[in-house]
Each structure stands twice: as C-alpha cells, then as structure tokens.
Amino acid sequence: MNDVYKALANHLDNLPGGFPATEDGLEIRILKRLFTEEEAELATYLTMMPETPKAIATRAGKDEADLALRLEEMAKKGLIFRKSKGSEHLYSAAMFVVGIWEYQVNGLDADLVRDVNAYLPLITREVLVKTRMNHMRVVPVSKTIAAGISVSSYEDAEEIIRSQSKIVVQPCICRREHHFVGERCKYPEDVCLSFGAGAYYYEANGIGRSVSVDEALAILQQGRDAGLVIQPGNAQKPTNICMCCGCCCQILKNVKSLDKPAEYVHSNYIARVMEAECVACGLCAERCHMDAISVGDVAWVNPDRCIGCGLCVPTCPTGAMTYNRKDAVDQYVPPVTVVDTYVEMARKRGKL
C-alpha cells in the first residue's frame, strides 16, 4: 500500500514547491490522511499544466468518463486544482504548499494539523533555505509610510487589488489550524485574498466568498489596522495576497526561527531609527513579528531580522522609525507571473 503513496510523495517533491522525504515517513502519513489509494495513484498522472480529463485519461490508460468524475471529486476535496474554460473543466496537480494544505481549510482535524505542523519546518529547511526562493514576498504595509520613496506597482497592495476582475476572500489556513488545536490567535481570520482562477476555485469549493474591489480594500485596511504583514504571491502579477502574523503563518513562523530571516524573505525595504527622535516607548518592538527590534535607551533594528514590512513606522509617536529602500544591489524584482515563479523555483531545485 505504501508504494502508491511513495510514488505520490515523489511526484509532489518534483513539483516546484517540493515535498521532501522524512526518516520516519511523516510525509507518507500526511498523504494517507488526505488521499485514498485510488486518488493517490490518479494524482501522479497530473502535471502543473491544466489538462482535460481526456488528455489525462489517455496518458493514464483510464476510462475518460469515469476519470472525469474522479478528478472532480478530488478537486472538491482540495487534492488537485481545477480551472474552467467555458463549460469545460481542466485539472492540474497542486503543490503541497501553497496548494493542497491551504485547500484543507474546511476539512481540518487535530491529527492532520499536528502532523503538518511537524512537517512544514522541513519544507522550510529543504526548499526555501536551500533555494532562497519564497512563495510569497513582503510589500509595504501602506505606501503612505514610504514618503519620498517610489513604490513599484507590484509593491502596492491597493493597486494589485484594483487590477483584479475576480476576488475571493477566504479564511487563513494558518490561523484556523491554530484555533482548531486550541491555540487561538488575536488576529482576524478572514483576510486572505485570491484572484483569478484561484479565486474561482476557492469559491466553487465553498472555502471563500466573492468580494468587490471596495470590499477587498476594506479587508486590506482591516489587516493593516490589526498589524499584519502584507504578503502577495511572489510575482509581479500575483494570484493572492495573504496577511500574516509571526505566531501562526507557516512561512513567517518558520522563517522567524532562522538566525537571519531577512535573507529568506523577498523585500526591498528596511526600517531604521532616527535616534535623536526616539523616546524608547517600545511600540515598534510590540508591532514587530520578527523580533527585529530591541529597545534600550533607544530602539534598534537588527538588519538581519527586519523583513521590511513597515508595521513599526505608522505607530511610532515621534516619527523616529523610518522606512528605507535597500541599496540597489539588494533590490528584488519578482518574476512577472506565477508560472515564471514556479519555473524559477523548479530550476533552483534542479527539477528542470
């Protein structure tokens, strides 16, 4: 029985986001919680390219009509991705993160949550740390805090939202999983935004609701007011915006555990302190999700830990905390599309 799950684990590990093996088989246990044996086998026939049931059936040697039903069932369970082209459904493989795990937001149980939380630090070490390529990037919490700094359109969360024709808001999988095991988070849960095909998928699966541009902008402001890090997908044309905290977010939480989080987060900014203006009130340190700020006689920003989210700036009562663009050599320009991002991730992992 393990053979089919091992084959699926290898298949997922060959996708851009990775699914590395463990010594104790934890990754196999996770797959058994999510996939039946039949589903595990079928998933191995899918690629990242959306295809018709006919094309997949031909490759798998399966009956097309029966396979179409199975694929739709798997899509509804969040095991694969589905997009529509007119009345026709196309199916593709889903990475474990960002993908299968996030699609389980309405189907969590305590055992699955514990296993995945034990497993995700491995993906951080084996994929993110080794490739230095993140699924997400950090943008300014508000362009108004960056006075005098030219913020690119792909770094402006409001502009990203205004450019969308389909937006869905869904619960944050990270906060929901923590709530599920009794570790409630103080931050709002329904603040994750998806765009385009991903938005249609979330809505069709009943794990998100469609919102207007104005509603999405209000949700963005809610996240800002709450003190959340704004993280769009790692592309100039992202398919999502997450609003994250250092206590629950699987990306930030695991990056936070590293000695130098700033090396593994895509951000073009850093916070600095004008010491003459600082009154050492500590509000900036309270606001920081990366433990990047220490306060003695004045506040001090550790450049190895600051991820440039800008949350510390608007709450500074004296204007001592400033927001600065990194030097040109350290500037990061994200890939244009999510497809470009995945290609680059796969290349850096030696999967192309």
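Structure's up top.
The rules behind the values
Think of each chain on its own: its residues are numbered from 1, step by step along the sequence as written. Per-residue local features are limited, in this predicted model, to residues with pLDDT of at least 70; the limit for side-chain atom pairs, both in listing and counting, is 80 or more; totals at the level of whole chains, interfaces and linings are taken over all residues. Side-chain measures were taken over the full set of non-hydrogen atoms in the model, leaving aside hydrogen atoms and water. Counting from the N terminus, the helices are the DSSP runs of H or I reaching at least four residues and the strands are the DSSP runs of E reaching at least two. In this treatment the radius of gyration is a C-alpha quantity, and the globule benchmark scales as 2.2 Å times the residue count to the 0.38 power. Type-normalised accessible area, obtained with a 1.4 Å probe on protein chains alone, sets the label of each residue: buried when under 20%, exposed when over 50%, and partly exposed for intermediate values. Residue contacts are defined here by distance: any two heavy atoms, one from each residue, within 4.5 Å place the two residues in contact. Shrake-Rupley sampling with a 1.4 Å probe provides the accessible areas, and residues are treated as covered by the protein chains on show and by no other component. Between any two strands, pairing holds if DSSP finds at least two bridges. By this rule the span expected of a helix is its residue count minus one, scaled by 1.5 Å. At every residue, the bend is computed as the angle between two fitted axes, covering the seven residues ending there and the seven beginning there respectively. Distance and chemistry together define a polar contact, namely a pair of N or O atoms within 3.5 Å, with one atom able to donate a hydrogen and the other to accept it when in protein, and with adjacent residues in sequence counting only for side-chain atoms on both sides. For helices, the fitted axis covers only the stretch in contact; all axes are lines through C-alpha atoms, and the angles between them, taken along N-to-C directions, range from 0 to 180 degrees. Any Lys or Arg side-chain nitrogen located within 4 Å of an Asp or Glu carboxyl oxygen qualifies as a salt bridge. Here, nonpolar core refers to any group of buried Ala, Val, Leu, Ile, Met, Phe, Trp, Tyr and Cys residues whose side-chain atoms link them within 4.5 Å. Positive residues here are Lys and Arg, negative ones are Asp and Glu, while His and the chain termini are left out of the count.

1. Focus on the overall build of the protein
What the protein contains, in helices and strands, is 14 helices and 11 strands. Whereas a compact globule of 352 residues would reach a radius of gyration of roughly 20 Å, the protein reaches 21 Å, a difference of no more than 12%. Over its C-alpha atoms, taken along the principal directions, the protein stretches across nearly 75 × 45 × 40 Å. Classification of the 352 residues of the protein by burial places 55% in the buried group. Taking as baseline every contact in the protein between residues at least 6 positions apart, the subset at least 24 positions apart corresponds to 71%. Looking at the protein as shown, the accessible area adds up to about 15,600 Å², and 49% of this sits on carbon and sulfur atoms.

2. What to know about the pairing of strand 4 (residues 192-195)
Here strand 4 shows a buried face lined by Cys192 and Ser194 and a second buried face lined by Leu193 and Phe195. Sheet topology note: the strand 3 (residues 167-170)/strand 4 ladder contains 4 bridges and is antiparallel. When the bridges of strand 4 are listed, Val169 appears paired with Leu193. As paired elements, strand 4 and strand 7 (residues 240-244) share 2 bridges and run antiparallel to each other. Each bridged residue has a counterpart across the sheet, and for Leu193 the counterpart in strand 7 is Ile241.

3. Quick word on helix 7 (residues 110-131)
An α-helix turns once per 3.6 residues; consequently, residues spaced three or four apart project the same way. Counted at 1.5 Å a residue, the expected span for helix 7 with its 22 residues is 32 Å, and the 31 Å between its end C-alpha atoms agrees. Maximal helix bending in helix 7 amounts to about 30°, located at Thr124. Listed in full, the buried residues belonging to helix 7 are Leu112, Val113, Asp115, Val116, Tyr119, Leu120, Leu122, Ile123, Thr124, Val127, Leu128 and Thr131. For helix 7, the N-terminal capping position is held by Asp109, with its side-chain oxygen 3.0 Å away from the main-chain nitrogen of Asp111. Phi turns positive one or two residues past the end of helix 7, at Arg132, with a value near 55°.

4. Thoughts on the pairing of strand 2 (residues 88-93)
Pairing geometry for strand 1 (residues 80-85) and strand 2, over 6 bridges, is antiparallel. What sits directly across from Ile80, in strand 2, is Ala93. A loop of 2 residues connects strand 1 with strand 2, the two strands running antiparallel in sequence, and Gly86 in this loop sits at a positive phi of about 70°.

5. Regarding the side chain of Glu51
Locating Glu51 in the fold gives a position in the loop between helix 3 (37-43) and helix 4 (53-60). On the accessibility criterion, Glu51 (16% relative accessible area) is buried. If near-sequence neighbours (up to four positions away) are discounted, Glu51 is found in contact with Ile56, Arg59, His89, Leu90 and Tyr91.

6. Let's talk about helix 11 (residues 213-226)
Its 14 residues give helix 11 an end-to-end C-alpha distance of 20 Å, which sits within 8% of 20 Å, the value for a rise of 1.5 Å per residue. Remark: Gly227 follows helix 11 within two positions and exhibits a positive phi of approximately 95°.

7. A look at the sheet that holds strand 3
Strand order in the open sheet formed by 5 strands is 5-3-4-7-6, with antiparallel pairing between adjacent strands. Of all the strands in the sheet, the pair left with one neighbour each is strand 5 (209-211) and strand 6 (229-232). Across the sheet, the axes of successive neighbouring strands diverge by a mean angle of 30°, strand direction being ignored.

8. Here's the deal with the pattern of salt bridges
If you walk through the whole model with that rule in mind, you get 20 salt bridges. Between Glu39 and Lys77 there is a salt bridge, with its nearest N and O atoms 2.9 Å apart. With Glu39 in helix 3 and Lys77 in the loop between helix 5 (64-76) and strand 1, this pair connects stretches of sequence that are 38 residues apart. Using a relative accessible area of 36% as the deciding quantity, one classes Lys77 as partly exposed. Asp291 is the salt-bridge partner of Lys256, the closest N and O atoms lying 3.9 Å from each other. Taken together, the residues span a long stretch of sequence, with Lys256 in helix 12 (residues 250-256) and Asp291 in the loop between helix 13 (283-287) and strand 9 (293-295) at a distance of 35 residues. According to the relative accessible area criterion, Asp291 is exposed, its value standing at 52%.

9. Some remarks on the nonpolar core
Core analysis: the biggest nonpolar cluster contains 112 residues, and Phe35, Phe96, Trp101, Ile161 and Met321 have the highest contact counts within it. If you tally residues by element for this core, the top one is helix 7, at 9 residues. Those residues in contact with Phe35 that lie beyond four places of it in its chain are Tyr5, Leu8, Ala40, Ala43, Met74, Leu79 and Ile100.

10. So, the side chain of Glu27
Along the polypeptide, Glu27 turns up in helix 2 (residues 26-34). Despite its burial, Glu27 pairs with no opposite charge, the nearest such side chain being Lys6 at 8.1 Å. There is a polar contact of 2.5 Å between the side chain of Glu27 and the side chain of Thr22. Not counting chain neighbours up to four residues away, the residues in contact with Glu27 comprise Ala9, Phe19, Pro20, Ala21, Thr22 and Tyr119.

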